[in-house]
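Structure assessment
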Amino acid sequence: MRRIRQVVAGWICLGAFGMACAQAVERPAFEAFEAFEVATIKPVDVDAKAGRMFRMEGTHRWSATNFTLEALVALGFDMNPRTISGGPDWVRTQKFVVDAVTPGDVAPTRLEQMRMLRALLIERFGLKFHREEKVMQIFELTVAKGGAKLKDAAKPDDPPKIVGIVYPAKVDVPARSVTMDDFVAMLQRATLDRPTVNRTGLSGKYDFDLVFTPDETLYGGELPKAPADAPDPPLFAAVQEQLGLKLTARRGAVSAMVLDGVTQPSAN
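Counting from 1, residues in each chain are numbered in the order their sequence is written. Predicted model: local features are reported for residues with pLDDT of at least 70 only, side-chain atom pairs are reported and counted for 80 or more only, and whole-chain, interface and lining totals are derived from all residues. Side-chain numbers here rest on the full set of heavy atoms in the structure, without hydrogens or water.

**Describing the pattern of salt bridges**
Our working definition: Salt bridge, as used here, is a side-chain nitrogen of Lys or Arg placed within 4 Å of a carboxyl oxygen of Asp or Glu. Helix and strand definitions here come from DSSP, where helices need a minimum of 4 consecutive H or I residues and strands a minimum of 2 consecutive E residues; each element is numbered from the N-terminal end. Per-residue accessibility, obtained with a 1.4 Å probe over protein chains only, is compared with the maximum for each type, and a residue is labelled buried under 20%, exposed over 50%, and partly exposed between these values.
A complete count under the given rule lists 11 salt bridges for this structure. Note that Asp193 is salt-bridged to Arg82, the shortest N-O span being 4.0 Å. Taken together, the residues Asp193 in the loop between helix H4 (180-191) and strand S11 (196-198) and Arg82 in the loop between helix H1 (69-77) and strand S4 (84-86) connect sequence positions 111 residues apart. The exposure class assigned to Asp193 is partly exposed, which follows from its relative accessible area of 25%. We note a salt bridge from Asp209 to Arg176, for which the minimum N-O separation is 3.2 Å. Placement of Asp209 in strand S12 (residues 206-212) and of Arg176 in strand S10 (residues 171-178) is noted, with a sequence separation of 33 residues between them. Taking relative accessible area as the criterion, Asp209 reaches 44% and is therefore assigned partly exposed.

**A closer look at the sheet that holds S4**
Definition in use: Strand pairing is assigned whenever DSSP identifies at least 2 bridges connecting the two strands. Comment: axis = line fitted to C-alpha atoms, over the contacting stretch for helices; angle = value between 0 and 180 degrees taken between N-to-C directions. Two residues form a contact once any of their heavy atoms are found within 4.5 Å.
Strand order in the open sheet formed by 4 strands is S4-S13-S6-S11, with mixed pairing between adjacent strands. The sheet is open, and its two borders are formed by S4 and S11, each paired with just one other strand. Sheet twist, expressed as the average angle between the axes of neighbouring strands with direction ignored, equals 35°. Bridge count for strand S6 (residues 128-143) against strand S13 (residues 245-261) is 16 bridges, and the pairing is antiparallel. Counted as the bridge partner of Phe129 is Leu259 from S13. Along the sheet face, H1 touches S4, S6 and S13 and points at about 135° away from the line of S4. Its contacts with the sheet place helix H5 (residues 235-243) against S6 and S13, and it is angled at close to 125° to S13.

**Section: the packing of aromatic side chains**
So the rule is basically this: Put simply, two rings from Phe, Tyr or Trp (the six-membered ring, in Trp's case) pair if the centres are within 6.5 Å, and we call them stacked under 30 degrees between planes, edge-to-face over 60, tilted for the rest. A positively charged side chain is recorded as over a ring if its NZ (Lys) or CZ (Arg) lies within 6 Å of the ring centre. The angle to the ring normal must also be within 35 degrees.
Inspection of every chain in the model, using the stated rule, returns 7 aromatic pairs. For the pair Phe139 and Phe236, a centre-to-centre distance of 5.1 Å together with 70° between the ring planes defines the contact as edge-to-face. Linking Phe139 in strand S6 with Phe236 in helix H5, this pair joins segments that are 97 residues apart in sequence. Taking relative accessible area as the criterion, Phe139 reaches 7% and is therefore assigned buried. We classify Phe236 as partly exposed; its relative accessible area is 32%. Ring geometry for Phe183 versus Phe208: centroids 5.2 Å apart, planes at 70°, classification edge-to-face. Taken together, the residues Phe183 in helix H4 and Phe208 in strand S12 connect sequence positions 25 residues apart. You can call Phe208 buried: its relative accessible area is 4%. Above the plane of the ring of Phe77 lies Arg118, whose end atom (NZ or CZ) is 6.0 Å from the centre. Positioned above the aromatic ring of Phe139, the side-chain terminus of Arg194 is 4.4 Å from the ring centre.

**Section: the nonpolar core**
Looking at soluble globular proteins, one finds that nonpolar side chains tend to be buried together. Spelled out, the test is: Nonpolar cores are built from buried Ala, Val, Leu, Ile, Met, Phe, Trp, Tyr and Cys residues. Side-chain atoms within 4.5 Å join them into one set.
Among the nonpolar cores identified, the biggest contains 35 residues, and Trp62, Leu121 and Phe125 are the most heavily contacted of them. Of all elements in the fold, only strand S1 (38-44), strand S2 (53-57), strand S3 (61-68), H1, helix H2 (90-93), strand S5 (95-101), helix H3 (110-124) and S13 reach the threshold of two or more residues within this core. Once residues lying within four places of it in the same chain are set aside, the contact partners of Leu121 are Leu69, Leu72, Val73, Phe77, Gly126 and Leu127. Core analysis: the second largest hydrophobic core is formed by 29 residues, Met180, Met186, Tyr219 and Leu243 among them.

**Focus: the side chain of Thr68**
The test is simple: Counting of polar contacts relies on pairs of N or O atoms within 3.5 Å, with two restrictions inside protein: one atom must be capable of donating a hydrogen and the other of accepting it, and residues adjacent in sequence are counted only when both atoms are side-chain atoms.
Within the secondary structure layout, Thr68 lies in strand S3. At 3.0 Å, the side chain of Thr68 and the backbone nitrogen of Ala71 are in polar contact. Thr68 has contacts with Val91, Arg92, Thr93, Gln94 and Lys95, leaving out every residue within four places of it along the chain.

**Observations concerning H3**
Heads up, the rule is: Expected span, for any helix, means 1.5 Å times one less than how many residues it has.
Between the first and last C-alpha of H3 there are 21 Å, a value that for 15 residues agrees with the 21 Å anticipated at 1.5 Å per step. Among the 15 residues that make up H3, 13 are buried, leaving the element largely enclosed by the rest of the structure. Remark: Gly126 follows H3 within two positions and exhibits a positive phi of approximately 60°.

**Brief notes about the sheet that holds S2**
Pairing in this open sheet of 4 strands is antiparallel, and the strands run S1-S5-S3-S2 from one edge to the other. Because the sheet does not close on itself, it has two edges, and the strands there are S1 and S2. Here the average twist between neighbouring strands, direction ignored, is 10°. As paired strands, S2 and S3 are joined by 5 bridges and run antiparallel to one another. Residue pairing across strands places Arg55 opposite Ser63, the latter belonging to S3. Across the sheet, H1 touches S2, S3 and S5, and the angle it forms with S3 is around 130°. On the sheet, H3 packs against S1, S2, S3 and S5 and is oriented at approximately 70° with respect to S1.

Set out below in structure tokens:
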């Protein structure tokens, strides 16, 4: 393993039958969370059936399993994969496992984890890119007729916690102390097949529990098809019935990323 040198100034966790991420507990800021201490990157079988997941294990170990480079970029830069273009074919087909050690005496927050991931992508994958605005199909999240059905966060000073737990026939999304931006970020990175923007006008932090039946359009088509008699509503209906919000398909402008250069990473 080698030390990550370059410093650069988001949840997606998807398993075949289970999905979970752990958010670090709030604590005093540690200013050195700019690069992993050490990291290994290994290619894995492109036909692997295991799902995609990232997480903190304990205080110092961060891992990402079965991620393509495109998926790692989407994770690190908080983007929907459809807004990323360019680069060779392997960017979207070759999967990797990343194991890294974080610095300091406390676990980094999700934002700090993503900062270190961005540094790793630039250092080890030679990532070079530019941004441009594109008009494409997006989803807008708005407040539905009748108003939002959200509870104010019981502990608004806590860091946001939002996790999707995937079962064979349903997805549970418990959310605590999250903003609508947090919710939209999760939807566009992991759940939906296009960029998603927050148009709710809601500025608070909220607690909610969302339960829905997935279909073939969600999670990149990686989940098993739910049975026809699944008791929970599909995602769009669940968002409206349970949260008082609405997802609407539109065309809109988004900030997209064009990959100008990438290289296959060394193992260490």
